[in-house]
Amino acid sequence: MNKPLGLIFAATVLATSMAHAFPTKNITLVVPFAAGGPTDRVARDLAEALRKPLGGATVVVENAAGAGGTIGATKVARAAPDGHTLLVWHIGMAATTSLYRKQAFKPLEDFEYLGMINEVPMTLIGKPQLPANTYRDFENYIRANSGKLNLAHAGLGSASHLCGLMWQHAVKLNNAMTTIPFGGTAPAMTALIGGQVDVMCDQTTNTTAQIEGGRVKAFAVTTPKSLSSHKLLKDYPSLQEMGLKGFDLTIWHGLYAPKGTPADVTKKVNDALKVALKDPEFIKKQEGLGAIVVTDKRVEPAGHKAYVADQITKLKTVIEAAGQFAD
Ligand code: MLT
């Protein structure tokens, strides 16, 4: 049945008029961890790279730390769905939904997925005074001092917490170390360098400089294979190479908007993200810290969401196996 021309014209006008002016004010990237840490680092580099493709918009970073990242995530889930408040978060989006059985948001329902940003290996590190210089020494020392040492992390459900949980479970040393939460691994790193805490597992984006400076000791990386192309980290074995069969933990970061953010706005942000991910300056900064910028179908909202859904399933098994919940 042919629609009268007037109707088609009206519909077109309406549709285009539905296009939202964006951005109309500063864009805030919410980082659910303390300033100076690995997620903050990714967000600040991304804010730089997003400015131009977003038409010179001012992109600022706001830190809203606590509860392993769930406080900042809840803030964005409840923010105005107009594209001006976005979330930069990592594997916590997938892990916390199993760790926190009473969570204030649903990762696959309360957010618009805007694309993945990067993948970051983790490193098992210790305070400079820790009497161990190889991974074997390290594992034996923890085993011999079970219950006497502590493990710093950025809150239940954070990447550093998840790594500590998975490592202790893999070497059958569950609860061998007292866990000490911080608002992020930036303050945790300060405590480690100062010798106030003993051990941490953290993203290379936060550890590379400290290892290079000899301020912390490193023992292993969490990727399946050692990082042979990384000038500094190539000397450290992977946990799999040390006999931890199947141990594989790489931290991924993604960009999110509140559910209900208009499709034309999320498209503008995703288009800008794809430009930013190809920015040589952004890539150089990330790779210098051992991170890999995502280039596959996960830069698209659908690919990003499918990946997170798959990670939720995978991590649910790991967390239930470790049998430790946040609530
Ligand atoms: C941070 O930015 O502090 C980290 O991403 C925290 C973590 O999850 O370990």
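In what follows, the structure referred to is the one given above.
Here we summarise the structure given alongside this text. Fair warning: this is a prediction, and the values are worked out from it, not measured in the lab.

### Some details on the overall build of the chain
When helices and strands are counted, the chain shows eleven helices and ten strands. A compact globule built from 327 residues would reach a C-alpha radius of gyration of about 20 Å, and the chain, at 21 Å, matches this within 12%. Along the longest, intermediate and shortest principal axes, the C-alpha atoms of the chain span 80 × 40 × 30 Å. At a minimum sequence separation of 6, the contacts of the chain that also span at least 24 residues come to 78%. Computed over 34 positive and 27 negative side-chain charges, the separation of the two mean positions in the chain equals 2 Å.

### Things to note about the packing of helix 2 (residues 38-51) against helix 9 (residues 263-276)
At a minimum axis separation of 9 Å, helix 2 and helix 9 run at an interaxial angle of 105°. Accordingly, the angle class assigned to the pair helix 2 and helix 9 is roughly perpendicular. Contact residues: L46, A49 and L50 in helix 2; A272, L273 and A276 in helix 9. Considering only residue class, the contact of helix 2 with helix 9 consists of six nonpolar, no polar and no charged.

### Some thoughts on the packing of aromatic side chains
Scanning all chains against the criterion turns up eight aromatic pairs. Centre to centre, the rings of F105 and F111 are 5.6 Å apart; their planes meet at 80°, and the pair counts as edge-to-face. By the burial criterion, F105 is buried, and F111 matches it. Relative to F138, the ring of Y135 has its centre 6.2 Å away and its plane inclined at 40°; by these criteria the two rings are tilted. Of this pair, Y135 and F138 both sit in helix 5 (residues 135-144), separated by three residues, roughly a single helical turn. No difference in accessibility class separates Y135 from F138, as the two residues are buried.

### A closer look at the pairing of strand 6 (residues 177-181)
The pairing of strand 5 (residues 149-153) with strand 6 spans five bridges and is parallel. The partner of N150 across the bridge, within strand 6, is T178. Chirality of the crossover, the property in question, places the unit of strand 5, helix 6 (residues 159-170) and strand 6 among those that are right-handed.

### Section: the layout of surface pockets
Its boundaries defined by the atoms lining it, the largest pocket holds a volume of some 230 Å³. Residue lining of the largest pocket: 13 residues in total, with D248, L249, T250, Q311 and K314 positioned closest to the centre. Elements supplying a minimum of two residues to the lining of the largest pocket: strand 9 (250-258) and helix 11 (301-322). The biggest single contributor to the lining of the largest pocket is helix 11, with six residues. Across the lining of the largest pocket, the residue classes break down as seven nonpolar, two polar and four charged.

### Concerning the site of the ligand
The environment of the ligand is formed by F33, G37, P38, T39, H90, A154, S158, A159, S160, G184, T185 and Q203. Separating an oxygen atom of the ligand from a backbone N or O atom of A159 is a distance of 2.7 Å. Contact between the ligand and T185: an oxygen atom at 2.8 Å from a main-chain N or O atom of the residue. For the ligand, the accessible surface in isolation is 270 Å², of which the surrounding protein chains cover 100%. Mapping the ligand onto the cavity grids shows that it belongs to the largest cavity. Listing elements by their share of the shell around the ligand, those giving two or more residues are helix 2 and helix 6.

### Points about helix 9
An ideal rise of 1.5 Å per residue puts 20 Å on 14 residues; helix 9 measures up with 20 Å between its terminal C-alpha atoms. Those residues of helix 9 not exposed but buried are V265, T266, V269, N270, A272, L273 and A276. The buried residues of helix 9 all sit within an arc of 160° when viewed along its axis, so they share a single face. On its buried face, helix 9 is in contact with helix 2, strand 3 (85-89), strand 4 (111-126), strand 9, helix 10 (280-288) and helix 11.

Rules and cut-offs
- Residues numbered from 1 in each chain as written.
- Predicted model: local features only at pLDDT ≥ 70, side-chain atom pairs only at ≥ 80, totals over all residues.
- Heavy atoms only, no water.
- Helix = DSSP H or I, 4+ residues; strand = E, 2+ residues; numbered from the N terminus.
- Rg over C-alpha atoms; globule rule 2.2 N^0.38 Å.
- Contact = heavy atoms within 4.5 Å.
- Lys, Arg positive; Asp, Glu negative; His and termini not counted.
- Charge placed at Lys NZ, Arg CZ, Asp CG, Glu CD.
- Axes fitted to C-alpha atoms, helices over the stretch in contact; angles between N-to-C directions.
- Parallel < 35°, antiparallel > 145°, perpendicular 65-115°, else oblique.
- Nonpolar A, V, L, I, M, F, W, Y, C, P; charged D, E, K, R; others polar.
- Phe/Tyr/Trp six-rings, centres within 6.5 Å; stacked < 30°, edge-to-face > 60°.
- Buried < 20%, exposed > 50% of the residue type's maximum accessible area, 1.4 Å probe, protein only.
- Pairing = 2+ DSSP bridges.
- Right-handed = clockwise from strand over helix to strand, strands pointing away.
- 1 Å grid on protein atoms, 1.4 Å probe; cavity = no way out; pocket = protein on both sides within 12 Å on 5 of 7 lines; lining within 4 Å.
- Points joined across faces, edges and corners; volume = space filled by probe spheres on them.
- Near = heavy atom within 4 Å.
- Polar contact = N/O pair within 3.5 Å; in protein donor to acceptor, adjacent residues only side chain to side chain.
- Areas by Shrake-Rupley, 256 points an atom, 1.4 Å probe, with all protein chains shown as cover.
- Sits in = over half its atoms within 2 Å of the grid points.
- Expected span 1.5 Å × (residues − 1).
- Arc of directions from axis to C-beta.

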